[in-house]
Number of protein chains: 2
Amino acid sequence: MKSSRKTPTMADVAREAGVSPMTVSRAFKSDAYVNDETRKAILAAAERLGYVMDSMASGLSSRKTGFVAVTIPSVNNANFADTIRGLTEGLQEKGLQVLLGYTSYNLEEEERLVRQLLTRRPEAIVVTGGKHTEKCRAMLENAGIPVIETWDIPSDPIDSVVGFSNAEASAMIVRHLVSTGRTKIAFLGGDTSRDTRGFDRRRGFTRTMEQLGFDATRLTEAGPPPISMREGADAFSRLMQKWPDTEAVVCVSDLAGFGALTECQRLGIDVPGKMAIAGFGAYEISDICVPPITSVDPHCYQIGMLSAQRIIDLLSDADEETTTSQTVLEPELLIRASTVSTS
Amino acid sequence: MKSSRKTPTMADVAREAGVSPMTVSRAFKSDAYVNDETRKAILAAAERLGYVMDSMASGLSSRKTGFVAVTIPSVNNANFADTIRGLTEGLQEKGLQVLLGYTSYNLEEEERLVRQLLTRRPEAIVVTGGKHTEKCRAMLENAGIPVIETWDIPSDPIDSVVGFSNAEASAMIVRHLVSTGRTKIAFLGGDTSRDTRGFDRRRGFTRTMEQLGFDATRLTEAGPPPISMREGADAFSRLMQKWPDTEAVVCVSDLAGFGALTECQRLGIDVPGKMAIAGFGAYEISDICVPPITSVDPHCYQIGMLSAQRIIDLLSDADEETTTSQTVLEPELLIRASTVSTS
DNA sequence: AGCCTTGTTGTTATCGATAACTCTTGTTGC
DNA sequence: GCAACAAGAGTTATCGATAACAACAAGGCT
């Protein structure tokens, strides 16, 4: 904050370079007609003055802010962080910048956040999940920009979707566990409807268990999201008190799964001998812990990348008839030593 | 993207409510003189039209964008995520919004990012670390806004600082390990100068070891940041091959520390009996793994909160003479079972 | 020669909101 | 009874950039 003199404007650069402001404006966009030497002189003048473009003014005039708004439930989550990375990198080449906000797994907070983000006039908006408050949904529908719902497959999508079936992810795990001969299987987490994705995973669990004719009532709550490792461990402890003969546990995330694993270590329960543990999210921890935990990889980075791609497509042929599209990713089951013996 | 009609403006709301645009503008800021009934009518009109304010235009006119730019090395890091949470929450009440970007631990990337962020005319900027390219530093100095450097204590700060001594964090750990009778202590990670904070931790290690008269040469590289659990495990493995009699290892982060712990489990090395492990960052994993890992808590959330506070102070009395201030936090040593026997 | 095209630059109006000012009307204080 | 002031609303100019159009030179084509 040392220099308190006013920030130079394009007009200042124009004066310094002896051209009109419009020419300066052109010099800063690579595609426009500007003589090479003129451009060089202008960029030199800008450099001398320490000029930095004002994207806000530019956006107002051109009606293109260069923002893509993104909401995620939590910043402190490696899965969502990967999606953000995919988005940021996918949008970079088009000069689009991610404007991020988090909802703390709260739909009211999402509504507030979406309103705030829309005041920035983003060119597109990416939201996590397919469930929103009524007002929030209305705002998204009327925003007049591409809307992408991710990490889910909403039954009644607003616009485009880049997601996967959380229920199917659970189903894959259940079928795998059953194939290893286990039938007394419990589910840990995903109890509240705040984390709709966790809730879907739980529903996928009960549905699949019922379809296969097994007891689908071993459900343990672990508190509101985000569910920490500690909460996973505590929930597992309660689970074992209530149903001591449980043979396997499907956890709403790898973090809860790892918590369960540590509890097994403390209780002296052999994994996978006495207890199989499966998680979700393909977090690094699930791959490196001892034993590594069977998990499902939802391809978080891909979700971001594909969303970015979709946005770029939608923005480029904005005139053409836009058919709302669904991109459905296939989660990948990663079978690891926590559910199969490594002998 | 269903409705393609133009987004309503303040003038539309004014027409709908039968007042002038200026009155609408006033109605949206709580402090201005507007008759209660007029305001109610205006807000109702806005609601009817689905009007959402254009912050970009507002910012251009009032010269207050409501943005605070923030750069962090990586989004996928619980420590920085906590700092972001602290910032976001601290700034919320003043209506300031965090505009986030990540540098991938790369100073050139930081320069590019800072330039991009400054085009959004933030009212303040928070950067992680005290090392920047020359151009980046110049941009920050000339931006004419408060600059806060965090997570570090630069020798030549640009403006304000909210940080802690990474070197001292290592020193605390070394002194603790020595107090438990160990002297053959190694350091894992922090090798490149890309992660300057990790590098500082390593320097703090060597300096303290030398001061105490012990061998400070057991340094193992773990590749460029961010260092994963896997890389921590691999580095630990190499470490044990090179110096098999090592009694303790100080890791650049808890993630690397946990990697080392898993390697001990695989190799059958008893922790803390044969090997003590210490990390950094107070990540949840260090608290819940078996045994829990001794760590240092840098109070990430506090860093964000205090930075937000500092920004609010600087923005409120912008006229007054601003003395550049340093806020130095005291990292907290968390002694856990990975370095002390729990008998 | 006259016309069209391409390259290069300038002029004017405008994006959507707000600062600063003006203008009323009603109220308070002495 | 009148200055002084607060409340409430309107008018005008402006923030910093760009779209759209205009202007003009140089060169190619018919």
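Quick summary incoming for the structure in this document. (Residues numbered from 1 in each chain as written. Chains lettered and ligands numbered in written order. Predicted model: local features only at pLDDT ≥ 70, side-chain atom pairs only at ≥ 80, totals over all residues. Heavy atoms only, no water.)

**Section: the interface of chain A and chain B**
- Facing the 64 residues of chain A at the interface are 64 residues of chain B.
- In this structure, the connection of chain A to chain B is made through four salt bridges.
- Here R121(B) makes a salt bridge to D54(A), at a shortest N to O gap of 3.8 Å.
- Our count for the contact surface shared by chain A and chain B stands at 20 residue pairs in polar contact (both at pLDDT 80 or more).
- Counting only elements with at least two residues in the side of chain A that touches chain B, the list comes to α4 (55-62), α5 (78-92), β2 (97-102), α6 (107-118), α7 (134-142), α10 (229-242), α11 (254-267) and α12 (284-288) of chain A.
- No other element matches the seven residues that α5(A) contributes to the side of chain A that touches chain B.
- When grouped by side-chain class, the residues that make up the side of chain A that touches chain B number 28 nonpolar, 18 polar and 18 charged. (Contact = heavy atoms within 4.5 Å. Salt bridge = Lys/Arg side-chain N within 4 Å of Asp/Glu carboxyl O. Polar contact = N/O pair within 3.5 Å; in protein donor to acceptor, adjacent residues only side chain to side chain. Helix = DSSP H or I, 4+ residues; strand = E, 2+ residues; numbered from the N terminus. Nonpolar A, V, L, I, M, F, W, Y, C, P; charged D, E, K, R; others polar.)

**Let's talk about the protein's contact with DNA strand D**
- Around DNA strand D, the structure places 25 residues, and the nearest of them are M10(A), S25(A), Y51(A), R26(B) and Y33(B).
- Contact between DNA strand D and R26(B): a base oxygen at 2.3 Å from a side-chain N or O atom of the residue.
- Within the side chain of R63(B), one N or O atom sits 2.7 Å away from a phosphate oxygen of DNA strand D.
- The set of elements that each furnish at least two residues to the surface near DNA strand D consists of α2 (21-28) and α4 of chain A together with α2 (21-28) and α4 (55-62) of chain B. (Near = heavy atom within 4 Å.)

**Considering the protein's contact with DNA strand C**
- Residues in close proximity to DNA strand C total 25 residues, the closest being T23(A), R26(A), M10(B), S25(B) and Y51(B).
- Looking at DNA strand C alone, sugar and phosphate atoms form 64% of those within 4 Å of the protein.
- Between DNA strand C and T23(A), the relevant distance is 2.5 Å, taken from a phosphate oxygen to a side-chain nitrogen or oxygen of the residue.
- When residues of the surface near DNA strand C are traced back to their parent elements, those giving at least two are α2 and α4 of chain A together with α2 and α4 of chain B.
- The biggest single contributor to the surface near DNA strand C is α4(B), with five residues.
- Taken together, the residues of the surface near DNA strand C break down into 11 nonpolar, 10 polar and four charged.

**So, the relation of the copies chain A and chain B**
- Mapping chain A onto chain B calls for a screw motion: a turn of 180° about the axis and a shift of 0.0 Å along it, with 0.0 Å RMSD after fitting. Taken together, the rotation and translation describe the operation of a two-fold axis. Taking C-alpha positions as the reference, the residue of chain A nearest the rotation axis is M56(A), at 2.8 Å.
- Of all interface residues in chain A, 100% are interface residues in chain B too; the two copies therefore contact each other through one and the same surface. (Least-squares fit on C-alpha atoms with pLDDT ≥ 70 in both.)

**What about the pattern of salt bridges?**
- Scanning the entire structure with this criterion turns up 36 salt bridges over all chains.
- Between D12(B) and R15(B) there is a salt bridge; the shortest N-O distance is 3.3 Å. In this pair, D12(B) and R15(B) both sit in helix α1 (residues 10-17), three residues apart, roughly one turn of the helix.
- Taken together, the shared-partner salt bridges connect K184(A), D215(A), R218(A) and D245(A) into one network.

**Quick word on the sheet that holds strand β11 (residues 326-328) of chain A**
Residues and elements named next belong to chain A.
- In spatial order, the strands read β2-β1-β3-β4-β5-β11; together these six strands make up an open sheet with parallel pairing. Of all the strands in the sheet, just β2 and β11 have a single pairing partner and so form its edges. Sheet twist, expressed as the mean angle between neighbouring strand axes with direction ignored, is 15°. (Pairing = 2+ DSSP bridges. Axes fitted to C-alpha atoms, helices over the stretch in contact; angles between N-to-C directions.)

**Description of the packing of aromatic side chains**
- This structure, assessed with the given rule, holds 12 aromatic pairs over all chains.
- Through a chain of ring-to-ring contacts, three or more aromatic side chains come together here, namely F80(A), W151(A), F164(A) and F280(A).
- Lying over the aromatic face of F67(B), R120(A) brings its terminal NZ or CZ to 3.7 Å of the ring centre.
- Positioned above the aromatic ring of F280(B), the side-chain terminus of R201(B) is 3.7 Å from the ring centre. (Phe/Tyr/Trp six-rings, centres within 6.5 Å; stacked < 30°, edge-to-face > 60°. Lys NZ or Arg CZ within 6 Å of the ring centre and 35° of its normal.)

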